[in-house]
Amino acid sequence: MIRRPPRSTPSNSSAASDVYKRQAVICATPQTVQNDIIRGIVPLNRISLMVFDECHHAVGDYPYVFIAQQYREVENHHILGLTASPGHEREKIDTICQNLSIQYVEIKTEKDPDVKPYVNPIKIRWIKVDLPEEFKTIKKYLEDIIKKRQKWLYENGFMQRTDYILSRKEILSLSAQLRAVISSAPKNRIQDVYTAISQAAGMLKMYHALELLQSQGIDPLYRYLQSMKRQEGSVRAVKELMADPLFRNVLVLTKHLHDRGIEHPKMKKAAEIVKEQLDKKPDSRILVFTQYRTTVTNLVGRFREEGIRVSRFIGQAGQEGLSQKKQAEIIEKFRNGEFSVLVATSVAEEGLDIPSVDLVLFYEPVPSEIRTIQRRGRTGRKSMGKMIGLIARGTLDEHFYWASYNRERNMKHEIKEITNFSKQETLPEGQATIDSFTGKKKVIAVGVKGGRRIAVSADEVLVAAGRTSNSDILKPEKGGIKTDKHGWIVVNEYLETSQSNVWALGDATGRHLFKHVANYESMIVFYNAVLGRKVKVKYHAVP
């Protein structure tokens with residue numbers, strides 16, 4: 001924050017209040033500023049500019065939102081938001097801009113002439129490893145368990161038939177839908193619904209086991225399975241899994257590999273990469289990222305076996321967590337060269353003063369473009385950087401890699417679109433522009449809130465005015481099916497039309513014109529039209 005000069009010297013103020021009133025530039029955490037605003041000791045009217053670093057956090061109940069809301073009440077306020085990773089979804093980017101009152105968006109890349117002198121290139125390389133055959137056997141068992149439960153859900157009318165294994169996201173959506181219909185399910189089907197919920201929960205647990213096996217290794221998987229065994233008497237999904245011969249095969253084979261000390265091939269490759277870097281440059285600083293604390297511990301142990309000076313770096317939560325003081329001590333020792341390698345979880349991705357490193361090693365890809373960018377940004381600050389990522393071939397690692405890659409690409413596209421739009425000139429009414437002489441088409445957008453006018457010009461302009469019903473093509477009135485004044489087909493809470501045994505869903509009803517809602521409505525129609533139930537449609541969870 002940059003403060004305007006005070007008109008007079010304050011007296012009898014608290015130490016915190018005195019800081020805000022006397023200092024020209026103030027750097028503070030958002031939690032501190034939020035608390036001080038609530039206490040009434042921040043002179044917002046004296047702040048000329050407020051800068052929000054890592055402004056992609058300005059969503060939900062993060063302090064940035066509250067601070068910006070309070071500061072916007074000040075006349076002549078100025079806000080600058082900075083981030084390397086706003087996200088790939090246009091809706092989230094728009095939310096950030098709205099929460100911070102951002103009117104103009106500027107994108108800068110390492111190729112821009114005013115940026116290029118201050119950045120260093122980062123050499124990026126991804127290395128693939130193959131899973132051992134024993135891993136593939138366990139993987140097959142876990143996938144068969146998921147398929148078995150998916151088949152039960154289909155045969156009992158809880159999902160449509162598919163030729164592929166449902167994704168984790170689809171299973172979560174199905175679980176939510178199942179919980180939503182419990183209260184309206186017929187008495188003779190309530191037990192089936194609870195069984196379906198349990199089946200879906202078991203599928204999710206197997207998905208997590210798959211991720212641990214494919215991206216982390218045997219030890220993390222073994223620990224997870226042991227924690228599941230301790231829940232056998234209290235969690236129905238776990239009890240059902242323990243009775244499954246396929247799952248018992250997973251338990252036996254995993255324990256066998258764990259007792260033999262078999263580790264993920266990425267563990268050996270990571271040690272080779274770190275050792276090679278230190279052999280080339282002994283004073284290197286290396287930062288290794290991984291998702292799980294168990295893998296942090298295993299990597300630290302493996303590196304120490306190779307004679308590498310290393311320390312772990314994790315968050316504060318839990319009994320094994322590091323206090324803020326301990327974290328600061330570790331960072332300082334890393335900076336001073338007391339050890340060369342830091343193995344960290346996501347806590348080291350942003351927000352901490354970690355010195356620039358020569359090499360960033362991803363033990364696994366992460367599906368988030370924001371986290372990928374933040375991790376990668378830890379290198380290449382003072383000189384050319386290097387980033388190496390490990391991928392287990394034919395596993396979830398590859399899915400996560402491409403998810404992050406595509407999201408980062410989409411993010412750049414969305415930002416570019418927003419940048420081009422925000423740069424369009426805001427014109428007074430009646431003022432001509434050069435476009436009027438070049439033959440370009442122009443459309444003026446008027447903001448719903450505040451009436452702000454923005455002129456956008458282009459060779460061709462396509463305006464989407466919204467969606468209308470296609471039910472007129474069906475001529476539903478000829479079948480005695482009632483429609484409203486807009487042409488939408490009228491349905492009741494069971495999605496049944498005015499004609500008995502005729503149901504309608506999706507865009508034809510005009511309720512919520514979204515694909516995911518139509519998918520949900522198709523399930524309700526299936527329950528009622530095919531299975532003869534009386535399940536009410538509920539839209540309380542529709543985003």
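What this report covers is the structure whose coordinates are included nearby. (Residues numbered from 1 in each chain as written. Predicted model: local features only at pLDDT ≥ 70, side-chain atom pairs only at ≥ 80, totals over all residues. Heavy atoms only, no water.)

Assigned secondary structure in the chain consists of 18 helices and 11 strands. The burial tally for the chain puts 41% of its 543 residues in the buried class. Long-range contacts, defined as pairs at least 24 residues apart, comprise 66% of the intrachain contacts of the chain with a sequence gap of at least 6. A total of about 30,300 Å² of accessible surface is found on the chain, and carbon and sulfur atoms cover 51% of it. (Helix = DSSP H or I, 4+ residues; strand = E, 2+ residues; numbered from the N terminus. Buried < 20%, exposed > 50% of the residue type's maximum accessible area, 1.4 Å probe, protein only. Contact = heavy atoms within 4.5 Å. Areas by Shrake-Rupley, 256 points an atom, 1.4 Å probe, with all protein chains shown as cover.)

Further remarks concern the packing of aromatic side chains. The geometry of two aromatic rings is summed up by the distance between their centres and the angle between their planes. Taken as a whole, this structure holds 10 aromatic pairs when the rule is applied. Summarising the aromatic geometry, the rings of Phe289 and Phe362 are spaced 6.4 Å apart at their centres and angled 90° between planes, so their arrangement reads as edge-to-face. Highlighted residues: Phe289 in strand β5 (residues 286-289) and Phe362 in strand β8 (residues 359-362), separated in sequence by 73 residues. Across the pair, exposure class does not vary: Phe289 and Phe362 are buried alike. (Phe/Tyr/Trp six-rings, centres within 6.5 Å; stacked < 30°, edge-to-face > 60°.)

Here we take up helix α10 (residues 245-259). The periodicity of an α-helix, 3.6 residues per turn, causes residues three or four places apart in sequence to face the same way. For α10, spanning 15 residues, the distance from its first C-alpha to its last is 21 Å, which sits close to the expected 21 Å at 1.5 Å a residue. Every buried residue of α10 is accounted for by Phe247, Val250, Leu251, Leu253, Thr254 and Leu257. Turning to α10, the residues buried within the fold contact α5 (133-155), α7 (190-216), α8 (218-229) and α9 (236-242). Among the residues of α10, the N-terminal cap falls to Asp244, whose side-chain oxygen and the backbone nitrogen of Leu246 are separated by 2.9 Å. (Expected span 1.5 Å × (residues − 1). Polar contact = N/O pair within 3.5 Å; in protein donor to acceptor, adjacent residues only side chain to side chain.)

Under the counting rule described, the total for this entry stands at 31 salt bridges. Note that Asp244 and Lys148 form a salt bridge whose closest N and O atoms lie 3.5 Å from each other. A residue pair is termed long-range when its members are at least 10 positions apart, and Asp244 in the loop between α9 and α10 and Lys148 in helix α5 qualify at 96 residues. Its relative accessible area of 4% is what places Asp244 among the buried residues. Assessed through its relative accessible area of 44%, Lys148 is described here as partly exposed. With its nearest N and O atoms 4.0 Å apart, the salt bridge here joins Glu329 to Lys326. One end of the pair, Glu329, and the other, Lys326, are both in helix α13 (residues 324-336), three residues apart, so they sit about a helical turn from each other. (Salt bridge = Lys/Arg side-chain N within 4 Å of Asp/Glu carboxyl O.)

When the terminal C-alpha atoms of helix α18 (residues 515-530) are compared, their 21 Å separation across 16 residues agrees well with the 22 Å that a helix rising 1.5 Å per residue should span. Summarising the contacts, the buried residues of α18 are in contact with α6 (168-180). At the C-terminal side of α18, Gly532 shows a positive phi close to 75°.

Okay, the nonpolar core next. Formed by 57 residues in total, the largest nonpolar core has its most connected members in Ile138, Met228 and Phe247. Put simply, the parts of the chain that give this core at least two residues each are α5, α6, α7, α8, α9, α10 and α18. Take this core: its biggest share by element is 12 residues, from α7. Setting aside anything within four residues of it in sequence, one finds Met228 in contact with Lys205, Met206, Val238, Leu241, Met242 and Phe247. (Core = buried A, V, L, I, M, F, W, Y, C linked by side-chain atoms within 4.5 Å.)

Moving on, we get to the environment of Thr162. Residue placement: Thr162 occurs in the loop between α5 and α6. In this structure, the C-alpha to C-alpha distance between Thr162 and Gln150, residues 12 residues apart in sequence, is 9.2 Å.

The pairing of strand β2 (residues 47-53) with strand β3 (residues 79-82) spans four bridges and is parallel. Of the residues in β3, the one forming a bridge with Asp53 is Leu82. Chirality of the crossover, the property in question, places the unit of β2, helix α3 (residues 63-71) and β3 among those that are right-handed. (Pairing = 2+ DSSP bridges. Right-handed = clockwise from strand over helix to strand, strands pointing away.)

Turning next to unusual backbone geometry. With phi around 55°, Ser101 is a residue other than glycine that occupies positive phi space. Assessed through its relative accessible area of 30%, Ser101 is described here as partly exposed. Unusually for a residue other than glycine, Leu495 sits at a positive phi of about 70°. Along the polypeptide, Leu495 turns up in the loop between α17 (471-474) and α18. Judged by its relative accessible area of 0%, Leu495 is buried.

Strand order in this open sheet of six strands is β4-β9-β8-β5-β7-β6, and the pairing throughout is parallel. With partners counted over all chains shown, the strands left at the sheet margins are β4 (122-129) and β6 (310-313), one partner each. Each adjacent strand pair in this sheet contributes to an overall mean axis angle of 20°, direction not counted. Sheet analysis places β5 next to strand β7 (residues 341-344), joined by four bridges and oriented parallel. What sits directly across from Phe289, in β7, is Ala344. (Axes fitted to C-alpha atoms, helices over the stretch in contact; angles between N-to-C directions.)

The next point concerns the packing of helix α2 (residues 30-39) against α3. Two elements in contact, α2 and α3, have axes separated by 9 Å at closest approach and are oriented at 45°. The angle between the axes of α2 and α3 places the two elements in the oblique class. α3 is crossed by α2, and the crossing has left-handed handedness. The residues of α3 that touch α2, namely those facing Pro30, Gln31, Val33, Gln34, Ile37 and Ile38, are Pro63, Tyr64, Phe66, Ile67 and Gln70. Counted by class, the contact of α2 with α3 contains eight nonpolar, three polar and no charged residues. (Parallel < 35°, antiparallel > 145°, perpendicular 65-115°, else oblique. Left-handed = near helix turned anticlockwise from the far one by under 90°. Nonpolar A, V, L, I, M, F, W, Y, C, P; charged D, E, K, R; others polar.)

Right, let's talk about the packing of α5 against α10 for a bit. Viewed as axis vectors pointing N to C, α5 and α10 meet at an angle of 160°, and their least axial separation amounts to 9 Å. In terms of orientation, α5 lies roughly antiparallel with respect to α10. When you trace α5 past α10, the crossing you get is left-handed. For the pair α5 and α10, contact is made by Glu134, Thr137, Ile138, Tyr141, Leu142, Asp144, Ile145 and Lys148 and by Leu246, Phe247, Asn249, Val250, Leu253, Thr254 and Leu257, respectively. Residues belonging to the contact of α5 with α10 are distributed by class as follows: nine nonpolar, three polar and three charged.

Function-wise, these values are silent; they only describe arrangement.
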